[in-house]
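Structural description and commentary
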Amino acid sequence: MIAYLDNSATTKVLDSVQEIMVKTMVSDYGNPSSMHKKGVEAENYIKEARNCLAKVLKVEGKEIVFTSGGTEANNLALIGTAMANQRAGKHIITSCIEHPSITNGMNYLEKEGFEVTYLSVDKNGLINLEELKEAVRKDTILVSIMYVNNEIGAVEPIEEIAAIIKKKNPNVLFHVDAIQAFGKYRIYPKRMGIDLLSVSGHKIHGPKGSGFLYICSGVKIHPILFGGGQQNGIRSGTENVPAIAGLGKAAEEIYQNFETKIAYFYTLKAHFIEGIKKIEGTQIHGLTNQDSAPHIVSVGFLGIRSEVLLHALEEKGIFVSAGSACASNKTAVSATLKGIKVEQNYLDSTIRFSFSIFTTEEEIEYCLLTLQKTLEQLRRYTRKK
């Protein structure tokens, strides 16, 4: 049996996404900047995807800028707004448990002379709102906080954060990395006080290499790519029509029967957590109820290195992740686990399990049974050594 439980890393593409992408590559393959019929056909796919995303977010189509994925969207949000607004100040706020595409972007900006304040989090991965309030200054130009943490599923109080920022300094821009939240929550940027929002397509059964940045009208932002002036000069380069069309289709479908899907996620999660709690030497990181993301569970396994357990499960047809997929090939300890002050025994012994609409109860049960047997074998071997 195969149990793919690494959906926070990437998801299986929907059939409808595959179909529209093939069509744009095989028959409607024109360059959207071309003035002839083929170009117009390609441009129509982009318009349709943009309108779909605008409808889902309740924003204007012109506020959607397509990117090559979540990393580029995050980089454009951070670097683009920092460079465009630096005359107003050079102070930026973020949290200590952001995705590498944020933290590495912040590292770059610090080298460029910006000052970054990193907010701490509690044991559940939530920022301290009082600490945020105190951190906002007159020279603060940007706050960037992720909606859902990609490793432990912590859900930040985005609307409260926005209200605090705007009350303290109305000129501060608020960026939200919603890469793990889009498709799991209904997100309305204008209502929630969000100025910039990053989304990735391959987390919602769309294609890899697709994503977008919502930029609220009136926000000053500089491009980080220069070329032919596509997308109003914010993101030059011939648009990736197949990826954009696939992203639009995935976004449209992921929000159909939405409440039913989310209820199903929480049912799977509850079943999984109930089983995990029966296994000796385990520790679940973060919240486990409906205050947490519906699709992510992070578990520490005492005495077993995460890499060893990951490959042992792989041999049984179970695919999981040792933290963030974007940093899975690195030896550094997870910043998220350090941020929530996970005990030393679990820092290098944690596995992330993540679900999708295709995940079944049978897969969950198979994973739990296999985990129990595999851990017994590994711990027996470890004790003998």
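Source: prediction; values computed, not measured.

Points about the environment of Asn-257
Structurally, Asn-257 can be placed in the loop between α8 (241-254) and α9 (258-276). Placed 56 residues apart in sequence, Asn-257 and Gly-201 show a C-alpha to C-alpha distance of 19 Å.

Focus on the layout of surface pockets
A volume near 380 Å³ is recorded for the second largest pocket. For the second largest pocket, the lining is made up of 21 residues, of which Arg-50, Lys-62, Ile-64, Gln-231 and Asn-232 are closest to its centre. Elements with a contribution of two residues or more to the lining of the second largest pocket: α2 (37-57) and β2 (64-67). Element by element, the count of residues in the lining of the second largest pocket is highest for α2, at four residues. Taken together, the residues of the lining of the second largest pocket break down into nine nonpolar, six polar and six charged.

Thoughts on the pattern of salt bridges
For side chains bearing opposite charge, pairing can occur when the charged atoms are close. Inspection of the entire model under this criterion finds 11 salt bridges. Residue Asp-6 is joined to Arg-352 by a salt bridge in which the shortest nitrogen-to-oxygen separation is 3.5 Å. Of the two residues, Asp-6 is situated in the loop between β1 (3-4) and α1 (15-26) and Arg-352 in strand β12 (residues 350-354); the sequence distance between them amounts to 346 residues. Relative accessible area serves as the criterion here: at 2%, Arg-352 is assigned to the buried category. For the salt bridge of Lys-38 with Glu-41, the shortest nitrogen-to-oxygen distance reads 3.8 Å. Pair noted here: Lys-38 and Glu-41 are both in helix α2, with a separation of three residues, about one helical turn. Note on Lys-38: relative accessible area 29%, which makes it partly exposed. In this structure Glu-41 comes out as partly exposed when scored by relative accessible area, which is 22%. Here the residues in one salt-bridge network are Glu-115, Arg-137 and Asp-139, joined through shared partners.

So, the packing of α2 against α8
Contact pair α2 / α8: the axes reach a minimum separation of 8 Å and the direction vectors enclose 30°. In terms of their interaxial angle, α2 and α8 are classed as roughly parallel. Viewed along their axes, α2 and α8 form a crossing whose handedness is left-handed. Where α2 abuts α8, its residues Ala-42, Tyr-45, Ile-46, Ala-49, Cys-52, Leu-53 and Val-56 lie against Val-241, Ile-244, Ala-245, Leu-247, Gly-248, Ala-251 and Glu-252. Residues that form the contact of α2 with α8 fall into these classes: 12 nonpolar, one polar and one charged.

Focus: the pairing of strand β4 (residues 115-119)
Each regular strand displays side chains that alternate between the two surfaces of the sheet. With five bridges connecting them, strand β3 (residues 91-95) and β4 associate as parallel partners. The residue of β4 that forms the bridge with His-91 is Glu-115. Regarding the hand of the β-α-β motif, the stretch spanning β3, helix α4 (residues 100-111) and β4 is right-handed.

Brief notes about helix α10 (residues 306-315)
Looking only at α10, the buried set comprises Ser-306, Leu-309, Leu-310, Ala-312 and Leu-313. Down the axis of α10, the sector holding all buried residues measures 165°, keeping them to one side. Looking one or two places after α10, you find Gly-317, whose phi comes out positive at around 85°.

Notes on empty space enclosed by the protein
Scanning the entire structure with this criterion turns up two cavities of 30 Å³ or more. Each pocket or cavity is described by its volume, and for the largest cavity that value is around 70 Å³. Looking at the lining of the largest cavity residue by residue, the classes come out as five nonpolar, seven polar and two charged. Within this model, the second largest cavity holds a volume of roughly 40 Å³. Together, Asn-124, Leu-126, Ile-152, Gly-153, Ala-154, Val-155, Gly-286, Leu-287, Asp-291 and Ser-292 line the second largest cavity. Looking at side-chain class alone, the lining of the second largest cavity contains five nonpolar, four polar and one charged residues.

So, a nonpolar patch on the surface
On the surface, Val-22, Met-25 and Val-26 cluster together into a nonpolar patch covering about 290 Å² of accessible area. Mapped onto the elements of the fold, Val-22 is located in helix α1.

So, how was this worked out
Residues numbered from 1 in each chain as written. Predicted model: local features only at pLDDT ≥ 70, side-chain atom pairs only at ≥ 80, totals over all residues. Heavy atoms only, no water. Helix = DSSP H or I, 4+ residues; strand = E, 2+ residues; numbered from the N terminus. 1 Å grid on protein atoms, 1.4 Å probe; cavity = no way out; pocket = protein on both sides within 12 Å on 5 of 7 lines; lining within 4 Å. Points joined across faces, edges and corners; volume = space filled by probe spheres on them. Nonpolar A, V, L, I, M, F, W, Y, C, P; charged D, E, K, R; others polar. Salt bridge = Lys/Arg side-chain N within 4 Å of Asp/Glu carboxyl O. Buried < 20%, exposed > 50% of the residue type's maximum accessible area, 1.4 Å probe, protein only. Axes fitted to C-alpha atoms, helices over the stretch in contact; angles between N-to-C directions. Parallel < 35°, antiparallel > 145°, perpendicular 65-115°, else oblique. Left-handed = near helix turned anticlockwise from the far one by under 90°. Contact = heavy atoms within 4.5 Å. Pairing = 2+ DSSP bridges. Right-handed = clockwise from strand over helix to strand, strands pointing away. Arc of directions from axis to C-beta. Patch = residues over 30% accessible without salt bridge, like charges linked within 9 Å, V, L, I, M, F, W, Y side chains within 5 Å. Areas by Shrake-Rupley, 256 points an atom, 1.4 Å probe, with all protein chains shown as cover.

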